[in-house]
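Understanding the architecture of this molecule
Here are the chains, one letter per residue:
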Amino acid sequence: MNIKKIHQINEDEKIQLKNRIHHSIKKHTIERKRKRKKRSIYFSVAASVLFIFGVSFFYQMRESKNYIEQYVEVNKTTAPIHDGDVKVVLSNQEVINLKEEAPSIVYSNNGGTIKVNNENIAYKDTVSKIEIYNSIIVPYGKRSFITLSDGSKVWMNSGSKLTYLASFKEDKREVYLEGEAIFEVTHNKERPFYVLTKDNRVEVLGTVFNVSNYSDDDFTQTTLKSGSVEIKYASNSLFGSSTTRITPGTMASYSRSTKEISKKTVNVDEYMSWRDGFFIFHSESLTNILRKVSRYYNVKIVLNEAMLKELKFSGSLDLKDTIEEVMELLKETSKFNYQKIDNQIIIN
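Residues numbered from 1 in each chain as written. Predicted model: local features only at pLDDT ≥ 70, side-chain atom pairs only at ≥ 80, totals over all residues. Heavy atoms only, no water.

**Considering unusual backbone geometry**
Operational definition: The helix and strand labels rest on DSSP assignments: H or I over at least four residues marks a helix, E over at least two residues marks a strand, and numbering proceeds from the N terminus. In this scheme, a residue with accessible area under 20% of its type's maximum is buried, one over 50% is exposed, and one in between is partly exposed, where area comes from a 1.4 Å probe on protein chains only.
Unlike most non-glycine residues, Ser283 shows phi in positive territory, near 50 degrees. Residue position: Ser283 is located in strand β19 (residues 278-285). Owing to a relative accessible area of 42%, Ser283 belongs among the partly exposed residues under this scheme. With a phi angle near 55 degrees, Asp342 is a residue other than glycine that sits in the positive phi range. The topology assignment puts Asp342 in the loop between β22 (338-341) and β23 (344-347). For Asp342, a relative accessible area of 70% puts it in the exposed group.

**Looking at helix α2 (residues 67-74)**
This is how the line gets drawn: Note: the arc covers the axis-to-C-beta directions of the helix.
When we look at burial in α2, the residues that qualify are Ile68, Tyr71 and Val72. Axial view of α2: buried residues confined to an arc of 100 degrees, hence all on one face. Those residues of α2 that are exposed and aimed more than 90 degrees away from the buried face are Tyr67 and Val74.

**Focus on the confidence of the model for the protein**
Note the following rule: You can read pLDDT as the predictor saying how much it trusts each residue, on a scale of 0 to 100. By definition in these notes, contact holds between two residues if any of their heavy atoms fall within 4.5 Å.
Taken residue by residue, the protein gives an average pLDDT of 82. The fraction at 70 or more is 77%. Within the protein, the element-level pLDDT minimum falls on helix α1 (residues 11-63), averaging 48, and the maximum on strand β8 (residues 153-156), averaging 98. Here residues 1-8 is modelled with pLDDT under 50, and outside its nearest four sequence neighbours on either side it reaches one contact, counting other chains as well. In the model, residues 40-64 has pLDDT below 50 throughout and makes 10 contacts with residues more than four positions away in sequence or in other chains.

**Thoughts on the sheet that holds strand β20 (residues 300-303)**
Note the following rule: Two strands qualify as a pair provided that DSSP identifies no fewer than 2 bridges between them. Simply put, an axis is a line fit to the C-alpha atoms, just over the touching stretch for a helix, and the angle between two N-to-C directions goes from 0 to 180 degrees.
Overall, mixed pairing links the three strands, which are arranged β20-β23-β22 in an open sheet. Taken across any chain shown, the strands that pair with only one partner, and hence form the sheet edges, are β20 and β22. Sheet twist, expressed as the mean angle between neighbouring strand axes with direction ignored, is 15 degrees. Of the pairings in the sheet, the one linking β22 to β23 comprises four bridges and is antiparallel in character. When the sheet's bridge partners are listed, Ile341 is paired in β23 with Gln344. Along the sheet, helix α4 (residues 286-297) contacts β20 and β23; its crossing angle with β20, the most-contacted strand, is approximately 160 degrees. Lying on the sheet, helix α6 (residues 323-334) is in contact with β22 and β23; it crosses β22 at an angle near 165 degrees.

**Description of the pairing of strand β7 (residues 144-147)**
Regular strands have side chains that alternate between both faces of the sheet. Sheet topology note: the strand β3 (residues 104-107)/β7 ladder contains three bridges and is parallel. For Ile105, the partnering residue across the bridge sits in β7 and is Ile146. Here β7 runs beside β8; their pairing, made up of four bridges, is antiparallel. Within the sheet, the bridge partner assigned to Phe145 lies in β8 and is Trp155. Taking the residues between adjacent antiparallel strands as the criterion, β7 and β8 are bridged by five residues, where Gly151 takes a positive phi near 95 degrees.

**Description of the environment of Ser152**
We apply this condition: Here a polar contact is taken to be a pair of N or O atoms separated by no more than 3.5 Å, where protein atoms must pair a possible hydrogen donor with a possible acceptor and residues adjacent in sequence count only if both atoms sit in side chains.
Relative to the elements of secondary structure, Ser152 occurs in the loop between β7 and β8. In this structure the C-alpha to C-alpha distance between Ser152 and Val185, which are 33 residues apart in sequence, comes to 4.6 Å. Each residue touching Ser152, except ones within four places of it in the same chain, is listed here: Ile146, Thr147, Arg173, Glu184, Val185, Thr186 and Phe193. Separated by 3.0 Å, the side chain of Ser152 and the backbone nitrogen of Thr186 make a polar contact.

**With respect to the packing of α4 against α6**
When two helices pack together, their arrangement is given by the angle between the helix axes and by the axis-to-axis distance. Just so we agree on the cut-off: Geometric relationships in this document are graded by angle, where less than 35 degrees denotes roughly parallel, more than 145 denotes roughly antiparallel, 65 to 115 denotes roughly perpendicular, and other angles denote oblique. Gly falls in the polar group here, along with every residue not listed as nonpolar (Ala, Val, Leu, Ile, Met, Phe, Trp, Tyr, Cys, Pro) or charged (Asp, Glu, Lys, Arg).
Between α4 and α6, the shortest axis-to-axis distance is 11 Å and the interhelical angle comes to 170 degrees. On the basis of their axis angle, the class for α4 and α6 is roughly antiparallel. Where α4 abuts α6, its residues Ile289, Leu290, Val293 and Tyr297 lie against Ile323, Val326 and Leu330. Across the contact of α4 with α6, the residue classes tally to seven nonpolar, no polar and no charged.

**Some words on the pairing of β23**
Both β20 and β23 contribute to a ladder of four bridges, which runs parallel. For Ile301, the partnering residue across the bridge sits in β23 and is Ile345. Between β22 and the antiparallel strand that follows it, β23, lie two residues; Asp342 among them carries a positive phi value of about 55 degrees.

**A word on the packing of aromatic side chains**
What characterises a pair of aromatic rings is the spacing of the ring centres plus the angle enclosed by the ring planes. As a reminder of what qualifies: In this analysis, rings of Phe, Tyr and Trp, with Trp reduced to its six-membered ring, are considered paired at centre separations within 6.5 Å, and the interplanar angle assigns stacked below 30 degrees, edge-to-face beyond 60, and tilted for intermediate values.
A full pass over the atoms with the stated rule returns 11 aromatic pairs. Their ring planes at 55 degrees and their centres at 5.7 Å tell us that Tyr233 and Tyr254 sit as a pair that is tilted. Note that Tyr233 is positioned in strand β15 (residues 229-234) and Tyr254 in strand β17 (residues 250-255), a separation of 21 residues in sequence. Tyr233 sits in the buried class, given a relative accessible area of 11%. Judged by centre distance (5.5 Å) and plane angle (70 degrees), the rings of Phe279 and Tyr296 are edge-to-face. Within this pair, whereas Phe279 is found in strand β19, its partner Tyr296 is found in helix α4, the two being separated by 17 residues in sequence. Each member of the pair, Phe279 together with Tyr296, is buried.

Okay, structure coming up:
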């Protein structure tokens, strides 16, 4: 058996060994710190790139506009105007005045012929590929009914404006609404129908619904009678927009001040009754009732009595009555006095 003698190290060798161990530990420590710093820089750069991309995408989402929105912005008018005739504004900005109280406007299938009460009023070349936008302006005190080139029907309330293509594209149908309208959309799943407003984008395939988007209201309301709609709206989310769906019998109310949307079950007829010549109210404030009456009859109404403003009313108003008859009915219900001076009604 061979026995190997164990070597005993002296003090100098111990000091040298200790120094080598310390040097090795220090070297590895420095190397680890260098790698951690490198990874930290890498992740910082990656996070910065991701943040910049996110911000860029956010602003693209917020600032991008499609053609119809760009057209509306470039071709701004004074609509909805307070008085005058219903107007058809053609793509060359030619204005056709319609004297009727509630004219019926019908577009042909190719958008080339426009009829008012079965009489041709305009013809435009539809052979060219140029997109031809038209607008209909309905001042306060007037209403209008429109059949678009795809067969969809639109009932427009007082103080409203609708912009649309005379002949829709093959892939989609878009209109831009200011004011209030009821839509009965012709079903075509290959060509979805969009109603655009300042803050909302309502997508439908075939349905009946009402959109109210007056500039002097703090809200945009979408009320669905049948079918299904999806609403895209400006929100406080990271990407600047959100979506929601509603089912028949539901109203979605979007607040412009809070950028939030709420939904509730409603009696849809209350929000569409004006199409048939009635206002139906259920626990509605006098302020809101008078605002609608003011638009419908094109008369300024001043409510000076603060205690009356939030009184709630339920019932109906026959819009075939004169403004005086409507005011007398409201007076009997709420016991106020009023004066009519020219085109202004003052409630005391």
